[in-house]
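# Examining the three-dimensional arrangement
The primary structure of each chain is shown beneath.
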Amino acid sequence: MSKQTPLPFADAQTGLHVLQALLQQRSLLAALETMHAEVGDIFQVTLPLFDPVFVTGPENNRQLLVTGRDQFNWRTESDAVTKLLGHGLLVEDGGNHACLRHQLDPALSKKQVAGQIGQMVAETDRVLANWPADGERDMLVEMRKVALLILMQTLFGVDFLPHLERLWQPILQLLRYISPGLWIIWPEMPRPGYAQAQQAVDDYLFGIIGERRAAGDTGDDMLSRLVRLPEMNDKLIRDQLLTIMIAGHDTSTALLAWVWYLLGSHPAAMARAVAEVEAVVGQEAGGITAVSLPHLTYLDQVIKETLRLYPPIHVGNRLTNCPVQMQGHTIPEGMRVMYSIYLSHRHPAYWDEPQAFQPERFGREADGGKKRPSFTYLPFGGGPRNCIGAAFAQIEAKVVLARILQQFRLELLPQEVHPHMGATLEPRPGVLMRVIRKQ
Ligand code: HEM
């Protein structure tokens, strides 16, 4: 097929349906689902100045992430995320990417993370200490606090609580900066407030790098490991810290907030999770260990099902570096390609009742024993660019959920919640819950 051969896109009728989805459901995700249902696993969005190709389904995912990965780059200089993260792992390609990955991997190994469970419990407790005996909390806010404190303590070896309030708005500002927006078609658009936010976060990060260098520390957290590497200057370390801080806390925040929303709206699932936590880890903080966590099998299914329905990274972004053959079509060089994790996770060919919350589908006998093809379920991506923090995120989620369920009863308050495409797919405007401390 030549470059002129159009990729599948919406005909007039599908265009009308997409418009209806947009107007009625006011959701870009609903529009994408309509495109997928009517056009297929590969389709092009044909908007003025924005014409990415969306791909989904196990075969296309595998090609993009593994077999054909060398035909796709990550880095796009004009993208806000590249401007923010500089030479961070997330936005590097080729040899630089492989080298950084090798340097960062040890601090996020499963073994290393298993040794941090006690710290994760302790940081969760610091947030819970401020919860009322019986009152309301927005779980989107509370889970962000927990995720930030845990990440900064375990991976950077710093107590972030004294800085949380001061850096809260700057961090949210940086997240807005990289969220989808007009900048995609207008990279030079003015972004008021952003420079100050970046300055505030940078000052903090360069500060902890300097302190760690001065301390000549021999610790095994990520920051200590990075400052010991002779090839790493402060700016390169800052790029990795900011990458990990952003990628590692906003995703966990979204996951945990969605778990609360889904458990809150499915009381039977909540009751089962509570019963399992009581039976497996009891009431004491010390009950949550590397040995007990794997026995929280239902909680594990709840986390997996939440990641299926609301994958925090719902789409992965690439740029073709040559013409790419995919599903019988030619994607031209230099084209933005997005692999949609969200659409893969709700693909009717691979999931029974894809829109339903059914944690049991991840049980051993799930889906009548049907084995789903790999790359159908990929909340952490796949191949050499898969999520470096996947082990950390899964252990952390279980620890935080178990610790909260040990100490509190939670009830969802009546509210409208919708998935918002920010830096991650998060529940907006938040997840309001009544929290009641157990006696
Ligand atoms: C529920 C939590 C998380 C989810 C759902 C998630 C999801 C993902 C996905 C889908 C990718 C691949 C994106 C792509 O192919 O373009 C990715 C990459 C990445 N994630 Fe995560 N992530 C989570 C937590 C974390 C944590 C805790 C960290 C760090 C502590 C982290 C750091 C990163 C980094 C640095 C990359 C880029 C890896 C590379 O390019 O080699 N993530 N994540």
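Residues numbered from 1 in each chain as written. Predicted model: local features only at pLDDT ≥ 70, side-chain atom pairs only at ≥ 80, totals over all residues.

### Description of the overall build of the protein chain
- A count of helical and extended segments in the protein chain gives 16 helices and twelve strands.
- Against the 2.2 N^0.38 benchmark of 22 Å for 439 residues, the protein chain shows a C-alpha radius of gyration of 22 Å, consistent with a compact globule.
- On the principal axes, the C-alpha backbone points of the protein chain span a range of 65 × 55 × 40 Å.
- Pairs at least 24 apart in sequence give 72% of the contacts found in the protein chain among residues at least 6 apart. (Helix = DSSP H or I, 4+ residues; strand = E, 2+ residues; numbered from the N terminus. Rg over C-alpha atoms; globule rule 2.2 N^0.38 Å. Contact = placed C-beta atoms within 7 Å.)

### Examining the sheet that holds strand 4 (residues 134-138)
- Pairing in this open sheet of three strands is antiparallel, and the strands run 4-12-9 from one edge to the other. Every other strand in the sheet has two partners, leaving strand 4 and strand 9 (408-412) as the edge strands with one partner each. Geometrically, the sheet is characterised by an average inter-axis angle of 30° between neighbouring strands, direction not taken into account.
- Strand direction decides the pairing type here: strand 9 and strand 12 (residues 432-437), joined by five bridges, are antiparallel. When the sheet's bridge partners are listed, leucine 412 is paired in strand 12 with methionine 433.
- Relative to strand 9, helix 12 (residues 234-265) is tilted by about 75°, and along the sheet it contacts strand 9 and strand 12. (Pairing = 2+ DSSP bridges. Axes fitted to C-alpha atoms, helices over the stretch in contact; angles between N-to-C directions.)

### Quick notes on the environment of leucine 149
- Structurally, the position occupied by leucine 149 is in helix 8 (residues 139-156).
- You can call leucine 149 buried: it has 23 C-beta atoms within 10 Å.
- With 78 residues separating them in the primary sequence, leucine 149 and valine 227 have C-alpha atoms 21 Å apart.
- Sequence-distant contacts of leucine 149, that is, excluding residues within four places in its chain, are made with Glu123, Arg126, Val127, Phe160 and Leu161. (Buried ≥ 20, exposed ≤ 12 C-beta atoms within 10 Å, placed from the backbone.)

### Thoughts on the environment of alanine 30
- Along the polypeptide, alanine 30 turns up in helix 2 (residues 28-39).
- Exposure remark for alanine 30: the 16 C-beta atoms within 10 Å place this residue in the partly exposed category.
- For the pair alanine 30 and valine 18, spaced twelve residues apart in sequence, the C-alpha separation works out to 7.9 Å.
- In contact with alanine 30, other than residues within four places in its own chain, are Ala21 and Gln25.

### Re the site of the ligand
- Around the ligand there are 25 residues in total, and Gly248, Gly316, Gly381, Cys387 and Gly389 lie nearest to it.
- Residue assignment for the shell around the ligand shows that the elements contributing at least two residues are helix 12 and helix 16 (390-407).
- When grouped by side-chain class, the residues that make up the shell around the ligand number 15 nonpolar, eight polar and two charged. (Near = placed C-beta within 6 Å. Nonpolar A, V, L, I, M, F, W, Y, C, P; charged D, E, K, R; others polar.)

### Some points on the packing of helix 1 (residues 12-25) against helix 2
- Direction vectors running N to C along helix 1 and helix 2 enclose 155°, while the axes themselves pass 8 Å from each other. Judged by the angle between their axes, helix 1 and helix 2 are roughly antiparallel. Handedness of the helix 1/helix 2 crossing: right-handed. Within the contact between the two elements, helix 1 uses Thr14, His17, Val18, Ala21, Leu22 and Gln25 and helix 2 uses Ala30, Ala31, Thr34, Met35, Glu38 and Val39. (Parallel < 35°, antiparallel > 145°, perpendicular 65-115°, else oblique. Left-handed = near helix turned anticlockwise from the far one by under 90°.)

### So, the domain arrangement of the protein chain
- As far as domains go, the protein chain holds domain 1 (1-73 + 314-375) and domain 2 (98-310 + 379-439).
- For domain 1 versus domain 2, the separation of C-alpha centres amounts to 28 Å.
- Taken together, the contact pairs 21 residues of domain 1 with 21 residues of domain 2.
- Those elements giving two or more residues to the side of domain 1 that touches domain 2 turn out to be helix 2, helix 3 (58-67) and helix 15 (341-345).
- Per-element accounting of the side of domain 1 that touches domain 2 gives the leading share, three residues, to helix 3.
- Tallied by class, the residues present in the side of domain 1 that touches domain 2 amount to eleven nonpolar, seven polar and three charged. (Domains from an automatic or database assignment.)

### Focus: the sheet that holds strand 3 (residues 72-73)
- One open sheet holds the five strands; their spatial order is 1-2-8-5-3, and the pairing between them is mixed. Where the open sheet ends on each side, the last strands, each with one partner, are strand 1 (42-44) and strand 3.
- Here strand 1 pairs with strand 2 (residues 53-55) via three bridges, running antiparallel. Across the sheet, glutamine 44 pairs through a bridge with valine 53, a residue of strand 2.
- Packed on one face of the sheet, helix 3 meets strand 1, strand 2, strand 3, strand 5 (315-320) and strand 8 (336-340) and runs near 125° to strand 8.

### Overview of the pairing of strand 8
- Bridge analysis of strand 2 against strand 8 gives three bridges, and the strand direction is parallel. By the bridge assignment for strand 8, valine 55 is matched with tyrosine 339.
- As judged from the five bridges shared by strand 5 and strand 8, these two strands associate in the antiparallel manner. Across the sheet, residue leucine 319 finds its bridge partner in strand 8, namely arginine 336.

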